[in-house]
Amino acid sequence: MLHPTEPIERADAARNRRKILDAASHIVATKGVEALSMEEVAQSAGVGVGTLYRRFGDRAGLAYALLDEKERELQAAFMSGPPPLGPGAPPLERIRAFLHALHDRVEAQPTLLMVAEMNSAHARYGGAYGVHHAHLAALVAEARPGSDASYLADALLAPLSASMITYQRQRGMSPERIGAGLDEVLDGFTSDA
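In this text the structure is predicted, and so the values were computed from the model without any measurement. (Residues numbered from 1 in each chain as written. Predicted model: local features only at pLDDT ≥ 70, side-chain atom pairs only at ≥ 80, totals over all residues. Heavy atoms only, no water.)

Visitor: Honestly, the packing of helix α7 (residues 128-143) against helix α8 (residues 149-157) in this entry has me stumped. Any pointers?
Guide: Two elements in contact, α7 and α8, have axes separated by 8 Å at closest approach and are oriented at 120°. With respect to their mutual orientation, α7 and α8 come out oblique. For α7 against α8, the interelement crossing comes out right-handed. The segment α7 lies against α8, with Tyr129, His132, His133, Leu136, Ala137, Val140 and Ala141 engaging Ala149, Ser150, Leu152, Ala153, Asp154, Leu156 and Leu157. Residue classes in the contact of α7 with α8 are distributed as 10 nonpolar, three polar and one charged. (Axes fitted to C-alpha atoms, helices over the stretch in contact; angles between N-to-C directions. Helix = DSSP H or I, 4+ residues; strand = E, 2+ residues; numbered from the N terminus. Parallel < 35°, antiparallel > 145°, perpendicular 65-115°, else oblique. Left-handed = near helix turned anticlockwise from the far one by under 90°. Contact = heavy atoms within 4.5 Å. Nonpolar A, V, L, I, M, F, W, Y, C, P; charged D, E, K, R; others polar.)

In structure tokens, the structure reads:
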């Protein structure tokens, strides 16, 4: 989703970007995210390592680029897709659908999300988090007028960090158990709404 101020990508730059992302995806799929290095991606894509650093900044930037496609799909679904995730359902139903869709998103790419989230002390709260937070805060404000919607949005998003879900999975929790726990949190949130 280009913003009006974003330049249109040149054809050769788009080809290089695709080669880089394909190489990085292949490395993650075959060797795991731990093997994702700027040097190996550059070599595999047939571009200079400087090109990667200029284009993506660092390993976390490359991880964000790999995550971008799935994130755009999620955003399209909650902004304009069918209810209950998209518009048209009551706010509490949309909150539940959104948090479960976000849980599914984290389950699909947990280690890649961890690389992106752990790049710096506040890396988790940049990029997509801001969009998720704004969407959820608007739904919370609609569902619970007068509440501190911004704080509640942060509180509802906190259990869905990749690091938390990965930690829970390492402790033996299944995705179904995590989803059921999320429902219990939401039941508490909605009990007096």
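Visitor: Can you help me understand the packing of aromatic side chains in this one?
Guide: Where two aromatic rings form a pair, the distance of their centres and the angle of their planes describe that pair. Inspection of the entire model under this criterion finds one aromatic pair. Looking at arginine 144, its charged tip hangs above the ring of phenylalanine 189, at a distance of 5.0 Å from the centre. (Phe/Tyr/Trp six-rings, centres within 6.5 Å; stacked < 30°, edge-to-face > 60°. Lys NZ or Arg CZ within 6 Å of the ring centre and 35° of its normal.)

Visitor: In this structure, what is going on with the environment of leucine 113? I would like to understand it.
Guide: Along the chain, leucine 113 falls in helix α6 (residues 110-117). Overall, the relative accessible area of 13% leaves leucine 113 in the buried class. Each C-alpha atom of the pair leucine 113 and leucine 67 lies 7.4 Å from the other, and the pair is 46 residues apart in sequence. What leucine 113 contacts, discounting residues up to four positions off in sequence, is Leu67, Arg105, Val106 and Ala162. (Buried < 20%, exposed > 50% of the residue type's maximum accessible area, 1.4 Å probe, protein only.)

Visitor: I keep staring at the layout of surface pockets and nothing clicks. Help me out?
Guide: A volume near 290 Å³ is recorded for the second largest pocket. Contributing to the lining of the second largest pocket are 15 residues, with Ser25, Leu66, Glu69, Gln109 and Leu112 lying nearest its centre. Among the secondary structure elements, those contributing two or more residues to the lining of the second largest pocket are α1 (11-31), α4 (59-80) and α6. The leading source of residues in the lining of the second largest pocket is α1, at six residues. (1 Å grid on protein atoms, 1.4 Å probe; cavity = no way out; pocket = protein on both sides within 12 Å on 5 of 7 lines; lining within 4 Å. Points joined across faces, edges and corners; volume = space filled by probe spheres on them.)

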